[in-house]
Amino acid sequence: MDRGDPGGSDGGKGAERELRLKIHDGEEFLIVTPRMLSTLIVRIHGLSGKEFTMAVRDLMPGELEAYLEKVINTNRHAAPCFQYKRIPQDPITRRELHRICRDQLKELEMDRKACFRSIVPAVAAGGEAGYSIVCGEVFFRACKDAKVKFFYVGPDGEREALVLGQACAGKRGKTATKTENWDSQNPRYMV
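This write-up is about the structure you can find in this document. (Residues numbered from 1 in each chain as written. Predicted model: local features only at pLDDT ≥ 70, side-chain atom pairs only at ≥ 80, totals over all residues. Heavy atoms only, no water.)

### Focus: the layout of surface pockets
Where empty space is left in the structure can be found by rolling a water-sized probe over the atoms.
Then step 1. Counted as a void, the largest pocket has a volume near 230 Å³.
Then step 2. Residue lining of the largest pocket: 13 residues in total, with Arg95, His98, Arg99, Arg102 and Pro121 positioned closest to the centre.
Then step 3. Contributions of two or more residues to the lining of the largest pocket are made by helix H4 (94–106), strand S5 (116–123) and strand S6 (129–135).
Then step 4. If you tally residues by element for the lining of the largest pocket, the top one is H4, at 5 residues.
Then step 5. Its residues assigned to classes, the lining of the largest pocket comprises 6 nonpolar, 3 polar and 4 charged. (1 Å grid on protein atoms, 1.4 Å probe; cavity = no way out; pocket = protein on both sides within 12 Å on 5 of 7 lines; lining within 4 Å. Points joined across faces, edges and corners; volume = space filled by probe spheres on them. Helix = DSSP H or I, 4+ residues; strand = E, 2+ residues; numbered from the N terminus. Nonpolar A, V, L, I, M, F, W, Y, C, P; charged D, E, K, R; others polar.)

### Observations concerning the packing of aromatic side chains
Then step 1. Enumeration according to the criterion identifies 3 aromatic pairs in this entry.
Then step 2. Centre to centre, the rings of Phe29 and Phe82 are 4.8 Å apart; their planes meet at 35 degrees, and the pair counts as tilted. Within this pair, whereas Phe29 is found in the loop between strand S1 (17–23) and helix H1 (34–45), its partner Phe82 is found in the loop between helix H3 (62–75) and H4, the two being separated by 53 residues in sequence. Note on accessibility: Phe29 and Phe82 belong to one class, buried.
Then step 3. Plain terms: the ring middles of Phe139 and Phe150 are 6.3 Å apart, the flat faces sit at 70 degrees to each other, and that makes the pair edge-to-face. In this pair, Phe139 sits in helix H5 (residues 137–144) while Phe150 sits in strand S7 (residues 148–153), placing the two residues 11 residues apart along the sequence. We note that Phe139, like Phe150, is buried.
Then step 4. Through successive ring pairs, a cluster of aromatic residues spans Phe116, Phe139 and Phe150.
Then step 5. The ring of Phe151 carries Arg159 above its face, with NZ or CZ at 4.0 Å from the centroid. (Phe/Tyr/Trp six-rings, centres within 6.5 Å; stacked < 30°, edge-to-face > 60°. Buried < 20%, exposed > 50% of the residue type's maximum accessible area, 1.4 Å probe, protein only. Lys NZ or Arg CZ within 6 Å of the ring centre and 35° of its normal.)

### Topic: the nonpolar core
Then step 1. Formed by 49 residues in total, the largest nonpolar core has its most connected members in Leu21, Ile31, Phe116, Phe139 and Phe150.
Then step 2. Take this core: its biggest share by element is 5 residues, from H1.
Then step 3. In this structure Phe116 touches Leu40, Ile44, Leu105, Leu108, Ile133, Val134, Cys135, Gly136 and Phe139, once residues within four positions along its chain are discounted. (Core = buried A, V, L, I, M, F, W, Y, C linked by side-chain atoms within 4.5 Å. Contact = heavy atoms within 4.5 Å.)

### Brief notes about the pattern of salt bridges
Then step 1. Counted under the stated rule, the structure contains 11 salt bridges.
Then step 2. Among the salt bridges present, the one from Asp58 reaches Arg57, with a minimum N-O distance of 3.2 Å.
Then step 3. The class for Asp58 is partly exposed, based on a relative accessible area of 35%.
Then step 4. For the salt bridge of Glu65 with Arg94, the shortest nitrogen-to-oxygen distance reads 2.9 Å. (Salt bridge = Lys/Arg side-chain N within 4 Å of Asp/Glu carboxyl O.)

### Some words on the packing of H3 against H4
Any two packed helices are characterised by how steeply their axes cross, that is the angle between the axes, and by the distance between the axes.
Then step 1. At a closest axis distance of 10 Å, the pairing of H3 and H4 adopts a crossing angle of 95 degrees. Between H3 and H4, the angle falls in the class roughly perpendicular. Every residue of H4 that contacts H3 at Glu65, Leu68, Glu69 and Ile72 is listed here: Arg94, Leu97, His98 and Ile100.
Then step 2. Across the contact of H3 with H4, the residue classes break down as 4 nonpolar, 1 polar and 3 charged. (Axes fitted to C-alpha atoms, helices over the stretch in contact; angles between N-to-C directions. Parallel < 35°, antiparallel > 145°, perpendicular 65-115°, else oblique.)

### Notes on unusual backbone geometry
Then step 1. Look at the link from Asp90 to Pro91: it is a cis peptide, with omega at 5 degrees.
Then step 2. As for its placement among the helices and strands, Pro91 is situated in the loop between H3 and H4.
Then step 3. Positive phi, close to 45 degrees, is recorded for Tyr84, a residue that is not glycine.
Then step 4. Mapped onto the elements of the fold, Tyr84 is located in the loop between H3 and H4.
Then step 5. Look at Arg112: it is not a glycine, yet its phi comes out positive at around 70 degrees.
Then step 6. Residue position: Arg112 is located in the loop between strand S3 (108–110) and strand S4 (113–114).
Then step 7. Its relative accessible area of 76% is what places Arg112 among the exposed residues.

Here it is as structure tokens:
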């Protein structure tokens, strides 16, 4: 079966398939977590079209946002992975954190194909900071397919099954995942 065609030649009626998601963003500390990717996939699963706006807080709750801001600012000069060459502001604020997240999501690939055609800053419902997102066709179809099982591949090559919750659980079911916290052994990766 062609991995690039999430529907497959059997129209999506075959066995469950596995697709890998990976962010190719050089040596920078990755702030996009598996939980964020799960949230995006669940949101896309419920959409009828490839374009949507999403509040940043729906991806990055306030506690995580504050934590990431603190980790990056504390380590900004201690390790090169926290320097973010495209972000000269020091210390970073929420605005720069949102840009780092957006830039990393732009680098998200599914089996070596870009997941999104565009991600730009936008105003979400209620005037909140958000992203206007346009999915790539293949990623959109994969998110809509209940037989696709997504795995996040971290910078260290470790695979982690994404938990997609009840919104997609009808045919997908749930899988276990690690808790998201700071990995002191690999500071470029939130697990």
